[in-house]
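# Observations on the three-dimensional arrangement
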Amino acid sequence: SMTHSTITIGIDLAKRSFAVCTQDHSGHILARQELRRSAFAQWLAQLPAGTIVAMEACSSAHHWARRSLQYGLQPKLMAAQFVKPFRKAQSSKNDRNDAEAIATAARQGNMRFVSIKTEEQQARLSWHRVREGYKSQALCISNRLRGLLAEFGIAIAQGDSALRKALGDSDIRDTLPPILLQALDHLSDHWSQVRECLHECDRHIAAHAAQDQRCQRVQQITGVGVLTADALVAHIGDGRDFHNGRQLAAWLGLVPTQHSTGGKAKLGHISRQGDSYLRTLLIQGARSSHQRAMNMEPSKASAEQQWIRQLAARMPFGKLLVAIANKHARQLWAMLRRGQDYDREAWRKHPMNQAASVAQMVV
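A few points on the structure. (Residues numbered from 1 in each chain as written. Predicted model: local features only at pLDDT ≥ 70, side-chain atom pairs only at ≥ 80, totals over all residues. Heavy atoms only, no water.)

## Considerations on the packing of aromatic side chains
Tallied over the full model, the rule gives 5 aromatic pairs. Aromatic side chains F40 and W64 sit 4.9 Å apart centroid to centroid with 80 degrees between the ring planes, which places their arrangement in the edge-to-face category. Pair noted here: F40 is in helix 1 (residues 37-45) and W64 is in helix 2 (residues 61-70), with a separation of 24 residues, a long-range link. The structure contains a cluster of three or more aromatic residues connected by ring pairs, namely F18, F40, W43 and W64. (Phe/Tyr/Trp six-rings, centres within 6.5 Å; stacked < 30°, edge-to-face > 60°. Helix = DSSP H or I, 4+ residues; strand = E, 2+ residues; numbered from the N terminus.)

The following block contains the structure:
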């Protein structure tokens, strides 16, 4: 007689084999199953509407979550790190135990859930994934070319243009055995194909960003380019999954870890949890913000640029970049959530500064 809304089903996803654990409202296990992929799809379709279906947020989880929504189920995705503590024995990890831990974790009142990505979001982010693949491939090929040339006593300056120049240099080619030249030309052609694919990805991402007003808006911040704008908007949309900018910064792993006890705050290195691609883009963007601030004439510098210059005087470079990236994350959230353009005077409107200026007037 138990209603479906009190039942939680934990699913440990994989490519072919799916472990399922069904729990009632008090956490008692009603059933365990191991299903192959086709059987799992059919089984999901026959579940009563409103059943809670819990999964760890891996790449295929968003697909199954969308499928669950079509069937009238309630999908709940959780970060794997939040599920881990609910596995009874950390020493015995298997699909059966994982499914149980997922069901248990999903029933916690204080659990945080991951928002389900739409097909369009995932498709947009796929272009970034493909681009990263081409980028690392291009680096591998250029390193291979350099290594081959180095074996024959030819050392080349840093940078792709120096390598391209060397490959076409007739003086260098004359010193190399013809049998090697064939291999180099073959590899060099492959390199230019991969670089062309990389540029094609750039063109597609730029086209997505050009059609999205939110992407245009967030590029008003120095250091936020097309890649960062498109990746961020495809990930978080208008930021409604976060209560404030601080939460977004924490989600990106740009905040210190804590080891505090007894009211004593001890802060460690940054957590580096969350999406490493987005975090990298923001930290790279912070480099250009820093450069712009340091090159700016002090009298023309904005409040943010003055802040960067002050930090640079008392902070190691790596820490400085994280601080700028953290600030950018908060600003980006505010712009997306409120649908506002970048305002370099926004800090004046902050309640804290308003109170301070009123106090000064009174004095």
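## Comments concerning the packing of helix 10 (residues 226-236) against helix 12 (residues 276-295)
At a closest axis distance of 10 Å, the pairing of helix 10 and helix 12 adopts a crossing angle of 145 degrees. Taken as a pair, helix 10 and helix 12 cross one another with a handedness that is left-handed. Contact with helix 10, carried on its side by L227, T228, A231, L232 and H235, involves Y277, L278, L281 and L282 of helix 12 and no other residues of that element. Tallied by class, the residues present in the contact of helix 10 with helix 12 amount to 7 nonpolar, 2 polar and no charged. (Axes fitted to C-alpha atoms, helices over the stretch in contact; angles between N-to-C directions. Left-handed = near helix turned anticlockwise from the far one by under 90°. Contact = heavy atoms within 4.5 Å. Nonpolar A, V, L, I, M, F, W, Y, C, P; charged D, E, K, R; others polar.)

## Notes on the sheet that holds strand 4 (residues 52-56)
Spatial ordering of the open sheet is given by 3-2-1-4-5, a layout of 5 strands whose pairing is mixed. Each of the sheet's edge strands pairs with one partner strand only, and the pair in question is strand 3 (29-36) and strand 5 (74-78). Averaged over neighbouring strand pairs, the angle between their axes works out to 20 degrees when direction is ignored. Sheet analysis places strand 4 next to strand 5, joined by 5 bridges and oriented parallel. Bridge pairing links E56 to M78 in strand 5. (Pairing = 2+ DSSP bridges.)

The values are spatial; any link to function lies outside them.
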